[in-house]
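Here is how the chains run, residue by residue.
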Amino acid sequence: MGATRLDLPKHECIDLLESESVGRLCIIDHGYPLAFPVNYRLVPDKAGHRVVFRTSPDTSLARYEGLSSLEVDEISADRHRAWSVIVHGHLRRAHGEADLPDPHPLVSDGRHQWLVLDVSSITGRRFRAEPADDRFSVDWQSINA
């Protein structure tokens, strides 16, 4: 079984992000990359997009400010299909931004620290598994020089 990869245009990545509400927010903590499951909301703004989160003020996420990423995906093993979208940006605490939509975290008690990921890029891929007679498959990508 091999897989075919298709890079997604930005507008489709945004549609997929808007269709979901749970992803993994990735930060660096004490030199190690960490991924936390989070509820989020994608927000369009003048500069492009922002992603909004709520957390407890005593968490690693609440203490972190800096480069970060959000990964959102869906994997359907029985249908042999998957997609994944990665959002890169700068994570910061939100102060005095009354216009932020509530991401409605699953655990809401004490989640009053708002965070914003100011988006610098959004990329995505779709995968479709295909049977391979020789049990070996290679994805080829042409490069135009």
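This is a predicted model, so every value here is computed, not measured.

(A) Inspection of the overall build of the chain at higher detail. Helix and strand content of the chain: 2 helices and 8 strands. N-terminal to C-terminal, the α/β element order of the chain is β-α-β-β-β-β-α-β-β-β. Residues classed as buried in the chain amount to 35% of the 145 residues present. The long-range fraction of contacts in the chain, counting pairs at least 24 apart against all pairs at least 6 apart in sequence, stands at 68%.

(B) A look at the pattern of salt bridges. Taken as a whole and assessed by the stated rule, the structure comprises 12 salt bridges. Of the charged contacts, one joins R50 and D45 as a salt bridge, the two residues approaching to 3.3 Å between their closest N and O atoms. In this structure, D102 and R54 form a salt bridge, with 2.7 Å as the shortest nitrogen-oxygen distance. Note that D102 is positioned in the loop between β7 (81–93) and β8 (113–130) and R54 in strand β5 (residues 48–55), a separation of 48 residues in sequence. Classification of D102 by relative accessible area gives partly exposed; the value is 24%. Members of the salt-bridge network, linked through shared partners, are D45, R50, R92, E97, D99 and D118.

(C) Quick peek at the side chain of T55. Turning to its location among the elements, T55 is positioned in strand β5. The class of T55 is buried, set by a relative accessible area of 6%. T55 has contacts with L61, A62, G110, R111, H112, Q113 and L115, leaving out every residue within four places of it along the chain.

(D) Representation of helix α1 (residues 10–19) within the structure. Here α1 has its buried residues at C13, I14, L16 and L17. All buried residues of α1 lie within an arc of 160° about the axis, which places them on one face of the element. In this structure, the buried residues of α1 make contact with β4 (41–45), β5, β6 (66–76), β7 and β8.

(E) Representation of the pairing of strand β2 (residues 22–29) within the structure. Examined bridge by bridge, β2 and strand β3 (residues 32–39) share 8 bridges and lie antiparallel to one another. Paired with V22 across the two strands is N39, which belongs to β3. What sits between the antiparallel neighbours β2 and β3 is a turn of 2 residues, in which H30 has the positive phi angle 55°.

Basis of the calculations
- Residues numbered from 1 in each chain as written.
- Predicted model: local features only at pLDDT ≥ 70, side-chain atom pairs only at ≥ 80, totals over all residues.
- Heavy atoms only, no water.
- Helix = DSSP H or I, 4+ residues; strand = E, 2+ residues; numbered from the N terminus.
- Buried < 20%, exposed > 50% of the residue type's maximum accessible area, 1.4 Å probe, protein only.
- Contact = heavy atoms within 4.5 Å.
- Salt bridge = Lys/Arg side-chain N within 4 Å of Asp/Glu carboxyl O.
- Arc of directions from axis to C-beta.
- Pairing = 2+ DSSP bridges.

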